[in-house]
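Observations on chain architecture
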Amino acid sequence: MKNTRSMLLIYLLLIIVSLFMLMPLLAMVSTSLKYEGAVLATPFQWIPSPVNWDNYFGILHKYPIMSYLKNSLFVALIATTSNLFLSSLAGYSLAKFHYKGKNIVFAFIIILLLLPGQAIIVPLFMLMSSLSLIDSIVAIILPYMTSPFAIFLMRQYFLSIPDSIIEAARVDGASELQIYFRIILPQAKPVLAALGIFSFMFNWNNFLWPLIVLNSKTNFTIPLGIAMMEGEFSTPYAELMAAATLASLPVLLVYFILQNNFINGMVLTGFASKGGDDHQKTH
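From a predicted model like this one, the values you see are computed outputs, not experimental measurements. (Residues numbered from 1 in each chain as written. Predicted model: local features only at pLDDT ≥ 70, side-chain atom pairs only at ≥ 80, totals over all residues. Heavy atoms only, no water.)

**Overview of the overall build of the chain**
Regarding its fold elements, the chain presents 13 helices and zero strands. The helix and strand sequence of the chain, counted from the amino end, reads α-α-α-α-α-α-α-α-α-α-α-α-α. Per-residue burial for the chain yields a buried fraction of 36% across its 283 residues. (Helix = DSSP H or I, 4+ residues; strand = E, 2+ residues; numbered from the N terminus. Buried < 20%, exposed > 50% of the residue type's maximum accessible area, 1.4 Å probe, protein only.)

Written out as structure tokens, the structure reads:
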């Protein structure tokens, strides 16, 4: 009986915390359905009356929202796909291959992991400028085709895969690429899904780097497009919230599609970290 009461209290607390965390999202959707005069009214009206759907139709006519969404989707998909592929290759190499300098490479990756992203913006900008990539979609994608965090995460997971499986495949005549694509990657689906969600969200929401390297509105991503909607003398809050709501839908869709694999990936990565420590101790 005590256990039942404790579980009910825990669930009740989790529901309250979840509702509290959802309040900004609910406020955004609510504001997007209001007339401009009702946005700043007090007390805050959670259920708009009357509902104004014109905010959504209005932004599609006033601003190139669909172009911004298309650019963001292209950037997020290409950067995420390349990040999953390149980081899994690097993580597999660091976890299962033995070569000189491997520990130095891994130490360098850890240093990069601890380095703030803002610290490398100026060198990155100079590099993109030397490559004549300023004001191009490629300049947004290139720096995020892989990441130290992704390599570290994949390495920790691959350490948990027994070496005996790989050795057995080699004895059977499988090449290294066959082992990677047919044995390693299928086992890594949960952690790849988790990393995919992190990478997609980051690239979709990335604001600072596109702001620095882009000049043409035709190349703007959705975060920049929303920022440009703010007027010099007034701000259309209802339309801004409508655009933000549309911008949130792809991320929510990706999460709901991959949520089961995301949870499994987080759990398995935790075990992978422990497994990796044990593996290193035995060597």
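Okay, back to it.
**Focus: the packing of helix α4 (residues 102-114) against helix α7 (residues 148-158)**
Running from N to C, α4 and α7 point in directions that differ by 130°, and their axes come no closer than 8 Å. Between α4 and α7, the angle is such that the two are oblique. Pair α4 / α7 crosses with left-handed handedness. Side by side, α4 and α7 meet where F106, I109, I110, L112 and L113 of the first sit next to P148, F149, I151, F152 and R155 of the second. When the residues that make up the contact of α4 with α7 are grouped by side-chain class, the tally is nine nonpolar, no polar and one charged. (Axes fitted to C-alpha atoms, helices over the stretch in contact; angles between N-to-C directions. Parallel < 35°, antiparallel > 145°, perpendicular 65-115°, else oblique. Left-handed = near helix turned anticlockwise from the far one by under 90°. Contact = heavy atoms within 4.5 Å. Nonpolar A, V, L, I, M, F, W, Y, C, P; charged D, E, K, R; others polar.)

**Some remarks on the pattern of salt bridges**
Enumeration according to the criterion identifies four salt bridges in this entry. Across the pair E239 and K62 runs a salt bridge, and its minimum N-O distance is 2.8 Å. Taken together, the residues E239 in helix α13 (residues 237-282) and K62 in helix α2 (residues 54-62) connect sequence positions 177 residues apart. On the accessibility criterion, E239 (9% relative accessible area) is buried. Among the residues examined, K62 registers a relative accessible area of 55% and is labelled exposed. The closest approach of N and O atoms between E176 and R170, which form a salt bridge, is 2.9 Å. (Salt bridge = Lys/Arg side-chain N within 4 Å of Asp/Glu carboxyl O.)

**Brief notes about the packing of helix α9 (residues 176-187) against helix α10 (residues 189-205)**
Packing of α9 against α10 brings their axes to within 5 Å, and their N-to-C directions diverge by 65°. One element, α9, and the other, α10, form an angle in the roughly perpendicular class. Along the contact surface, α9 presents L185, P186 and Q187, while α10 presents K189, P190 and L192.

Everything listed here is a matter of coordinates, which is why it stays silent on function.
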